[in-house]
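So you can see what is in the structure, the chains are spelled out below.
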Amino acid sequence: MMMDNGVLTNNYEYPDGYMEQEEEWEREGLLDPAWEKQQKKTFTAWCNSHLRKAGTGIENIEEDFRNGLKLMLLLEVISGETLPKPDRGKMRFHKIANVNKALDFIASKGVKLVSIGAEEIVDGNLKMTLGMIWTIILRFAIQDISVEEMTAKEGLLLWCQRKTAPYKNVNVQNFHLSFKDGLAFCALIHRHRPDLIDYSKLSKDNPLENLNTAFDVAEKYLDIPRMLDPDDLQNTAMPDERAVMTYVSSYYHCFSGAQKAETAANRICKVLKVNQENERLMEEYERLASDLLDWIRRTMPWLNSRQTDNSLAGCQKKLEDYRTYRRKHKPPRVEQKAKLETNFNTLQTKLRLSNRPAYMPTEGKMVSDIAQAWKGLEIAEKAFEEWLLSEMMRLERLEYLAQKFKHKADIHEDWTRGKEEMLQSQDFRQCKLYDIKALKKKHEAFESDLAAHQDRVEQIAAIAQELNTLEYHEVGAVNARCQRICSQWDRLGALTQRRRAALDDAERLLEQIDLLHLEFAKRAAPFNNWLDGTREDLVDMFIVHTIEEISGLMDAHARFKATLGEADKEYQAIVNLVHQVEAIVKQHQIPGGLENPYTTLTAHELNRKWSDVRQLVPQRDSTLAAELRKQQNNETLRRQFAEKANAVGPWIERQMDAVTAIGMGLQGSLEDQLHRLKEYEAGVYAYKPHIEELERIHQAVQEGMIFENRYSQYTMETLRVGWEQLLTSINRTINEVENQILTRDSKGITQEQLTEFRASFNHFDKNRTGRLAPEELKSCLVSLGYSIGKDRQGELDFQRILAVVDPNNTGYVSFDAFLDFMTRESTDTDTAEQVIDSFRILAGDKPYITAEELRRELPPDQAEYCVARMPPYRGPNAPPHALDYMAFSTALYGETDL
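Fair warning: this is a prediction, and the values are worked out from it, not measured in the lab.

## Examining the overall build of the chain
When helices and strands are counted, the chain shows 32 helices and four strands. Residue burial in the chain is summarised as follows: out of 898 residues, 46% are buried. Across the chain, contacts joining residues at least 24 apart in sequence account for 74% of those joining residues at least 6 apart. Total accessible area on the chain is roughly 45,600 Å²; 50% of this is exposed by carbon and sulfur atoms.

See the structure below:
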């Protein structure tokens, strides 16, 4: 085939010289009259296969094209173009004008028409009409066939030879005798649709059966009209080559379209599979984020609650509930949070690699939202634990004050019992003078005792006030008892004054005084007060938290014991006064003389109290010693915790530094980094028993009410946070390295390229922050071979690069964004235009596609996926239920809710 000024001029394959070739064959006796009949049938069927698309057809090829109308319609259908408006008149010149319009259109397509004029077509010249139709077939059905840059005929023949090569009894060498037995047609069908024909049952000895089988199957299942007659092929020594070529070209176009459709379907399947996996990851992220946020929202009210039953036991139960929460309920949520971040990073990496837009979670479920909620949870945990400990200290203080109040109130009420009746008594009115004086001295001693008890009453009132300030849960009973004591104290003061006045009146009548009883009363009263105070101090409760505090109490007790010698002397002196009185009474037989008129105290009572004091001293020694052992045990716990914490804390810091160094890509290939990270991960989990042991020690510390530790700067809370941060850092770094491996492998970049990218990035990351400032990024790109000028155009180019790697204008570029940019610069990815072209092939070049076409060309699940998501096509002349594949393909690569 040759080209002459853009016009095809081969006499055999194209109409130029068509008539001359016919005449030459006729002169040489090579022209078979049956060829014309075969051409007529074949060309008629070929024309009808296209005219039916316009809802019409022809019956007689030489008659039905005479007016030029159906000829123009045929050209419009097969070319997809619009011809000039035809003349609708029935006169001969109208018909000639229409045929000329058709011939002019054919000539405009680069085909030279020789010896074919409009008059011959209008006159019904069969030979000219067949020549014209052959021209059209060559131009629009055969010319576009191209196999290895051969001519249309040679390319079509080569295609047949390749497709039928594996088949027995088939040897395609031409377009006449090679197709006469029908096996070549059957082989072409079986090669592309083995489900339609059982080739093993065909025989070369049954040519008519083979031809009928091929023609029937092609017409029924492949929509290829029956263009040839089996009888004509068998009854002709050499079938017409043009008829066979026309029919075979229909096979080529049918199966060539199927191959394109299969390729297009594969491309679409690949794109949709990626999209379905991304949607699954999005749904899983939403589910995990919702569950974690809901758990945080449910937990926060409990952590923010500051309500207790104001009892130490209730507060201790709350502390145990908090420990259970930290040991059992929170660890799974820490793992869930790490998994959530890992899934999010994996999803974003897959979206970048598949050229999809970044995933934006629904409002309130961003990674930053989850991090903020988690931070709020940790703050609430710290505040809750601090509140619990302070509340336990407050309640312990309350219990101590309540016991102290009861103890002092019991002593005071025991002392005041009967005092009001005594002060209201009129016994002095029947006494002698010395009895009156004794009553007066007794009253003076009582007044001294009353003044000494004033301090105890003030202490009781002060303790009651502190219990009110600290909101003691039984403050009502405390206030009532305090009020009774204060009211009674006021009444005692008033009664004391009235009795003193009465005794003063009686003193003028009585003068005899018993000096010994008076001396006993004066010395016994303060000694009795000292005994009461001493007994009270010896049984007083105390709270200490350090060895220094208990040592101070023991020193004070030792100083107290040093004063017992002087107290014993005073006791012996007071008892000696009683012995003197007893001697005088016995000597002088004084009635009632043993009764001391100046005091109600007796030697027996003083002896009892003095015995109590001597017994309470060793008991106090035992109590202080027990507390000393407790504080020593607490000190041991402090040292145990400090020793373990001082080892665990630096270990966690070293692991964090090592993981950070690996994350900077400073140690070997990505696989080496991943291997080392896995080793660190295994080592961290193997180290967990140390954390658990530290938790057990910490529990013992809290149960021992130990609130500070001067031997270590680490607290259990800081170690817990460091441990969780270490686990999170390892998981995040593993995920980043896996994503880098995924990027490297999926984009086809080499390890050397990746190493070069990381080395350049780290070189300009002077502070090892894992990110570059804009000027550092520019230097890094220049080091990798990018040409960024220092003029205005160079700055514009760099700003466009910044818009890609830092779309949020944060002022820095992470390594992931840098690697993504360098990967896109080095590789190619699917685009929306490629997907649109693939859908256009499946749709047969229509601007829309139907559900039936999708289900025929795609796997069932992906076909239904497209049908469910494609919007309706709104273009003109669209059939019902047509789908817009262009909008769908664009949405896959743009902002969308898919």
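What follows picks up the thread again.
## Quick look at the UniProt feature "coiled-coil region" (unreviewed entry) in the chain
According to UniProt, the positions carrying the feature "coiled-coil region" (unreviewed entry) are residues 271–298. Counted over residues 271–298, helix gives 100% and strand 0%. Its end C-alpha atoms are 41 Å apart.

## Re the nonpolar core
Ranked by internal contacts, the top residues of the largest apolar core, which has 77 residues, are Ile136, Phe179, Phe185, Ile189 and Tyr251. Apart from residues no more than four positions distant in its own chain, Phe185 is found in contact with Phe179, Leu211, Ala214, Phe215, Leu228, Val244, Tyr247, Val248 and Tyr251. With 51 residues, the next largest nonpolar core counts Tyr680, Ile730, Leu781 and Leu819 among its residues.

## Brief notes about the environment of Gly811
With respect to the helices, strands and loops of the structure, Gly811 is situated in the loop between helix H27 (792–805) and strand S4 (813–814). When the C-alpha atoms of Gly811 and Ala773 are compared, they prove to be 6.4 Å apart, with 38 residues separating the residues in sequence. Not counting chain neighbours up to four residues away, the residues in contact with Gly811 comprise Leu772, Ala773, Pro774 and Asp806.

## Digging into the pattern of salt bridges
Applying the stated criterion to the full structure yields 56 salt bridges. Ionic pairing is found between Lys109 and Glu81, a salt bridge with its closest N-O pair at 2.6 Å. You can see Lys109 sitting in the loop between helix H5 (92–108) and helix H6 (118–122) and its partner Glu81 sitting in the loop between helix H4 (69–79) and H5, a full 28 residues away along the chain. Here Lys109 falls in the partly exposed class, since its relative accessible area comes to 23%. The class of Glu81 is partly exposed, set by a relative accessible area of 35%. Lys101 serves as the salt-bridge partner of Asp87, at 3.4 Å between the closest nitrogen and oxygen. Within this pair, whereas Asp87 is found in the loop between H4 and H5, its partner Lys101 is found in helix H5, the two being separated by 14 residues in sequence.

## Considering unusual backbone geometry
One non-glycine residue, Asp223, adopts positive backbone phi at about 60°. Following the sequence through the fold, Asp223 ends up in the loop between helix H10 (207–221) and helix H11 (230–235). Judged by its relative accessible area of 52%, Asp223 is exposed. One non-glycine residue with positive phi stands out, namely Asn809, at about 55°. With respect to the helices and strands, Asn809 occurs in the loop between H27 and S4.

## A word on the UniProt feature "domain: EF-hand" (unreviewed entry) in the chain
The sites that carry the UniProt feature "domain: EF-hand" (unreviewed entry) are, in the present numbering, residues 752–787 and 793–828. Taken end to end, residues 752–787 has its terminal C-alpha atoms 21 Å apart, with 64% of it in helix and 6% in strand.

## What about helix H23 (residues 688–703)?
Compared with the 22 Å implied by 1.5 Å per residue over 16 residues, the 23 Å span of H23 between its first and last C-alpha is a close match. All buried positions along H23 are accounted for by Ile691, Leu694, Ile697, His698, Val701 and Gln702. Angular distribution of buried residues about the axis of H23 spans 140°; they occupy a single face of the element. Opposite its buried face, H23 presents the exposed residues Arg696 and Glu703, each directed more than 90 degrees away. Taken from the residues just after H23, Met705 is the one with a positive phi, measuring 60°.

## Focus: the packing of aromatic side chains
According to the stated counting rule, one finds 28 aromatic pairs in the structure shown. An angle of 65° between the planes, with centres 5.5 Å apart, marks the rings of Phe185 and Phe215 as edge-to-face. Linking Phe185 in helix H9 (residues 183–192) with Phe215 in helix H10, this pair joins segments that are 30 residues apart in sequence. The burial state of Phe185 is the same as that of Phe215; both residues are buried. Ring geometry for Phe344 versus Tyr359: centroids 6.3 Å apart, planes at 50°, classification tilted. With Phe344 in helix H13 (residues 312–353) and Tyr359 in the loop between H13 and helix H14 (367–416), this pair connects stretches of sequence that are 15 residues apart. Grouping residues by exposure puts Phe344 and Tyr359 together as buried. Three or more aromatic residues joined by ring pairs make a cluster, and in this case those are Phe175, Phe179, Phe185, Phe215, Tyr247, Tyr251 and Phe255. Sitting above the plane of the Tyr812 ring, Arg771 keeps its charged end 4.1 Å from the centroid.

Cut-offs and rules
- Residues numbered from 1 in each chain as written.
- Predicted model: local features only at pLDDT ≥ 70, side-chain atom pairs only at ≥ 80, totals over all residues.
- Heavy atoms only, no water.
- Helix = DSSP H or I, 4+ residues; strand = E, 2+ residues; numbered from the N terminus.
- Buried < 20%, exposed > 50% of the residue type's maximum accessible area, 1.4 Å probe, protein only.
- Contact = heavy atoms within 4.5 Å.
- Areas by Shrake-Rupley, 256 points an atom, 1.4 Å probe, with all protein chains shown as cover.
- UniProt positions renumbered as here; feature names shortened; annotations may be inferred.
- Core = buried A, V, L, I, M, F, W, Y, C linked by side-chain atoms within 4.5 Å.
- Salt bridge = Lys/Arg side-chain N within 4 Å of Asp/Glu carboxyl O.
- Expected span 1.5 Å × (residues − 1).
- Arc of directions from axis to C-beta.
- Phe/Tyr/Trp six-rings, centres within 6.5 Å; stacked < 30°, edge-to-face > 60°.
- Lys NZ or Arg CZ within 6 Å of the ring centre and 35° of its normal.

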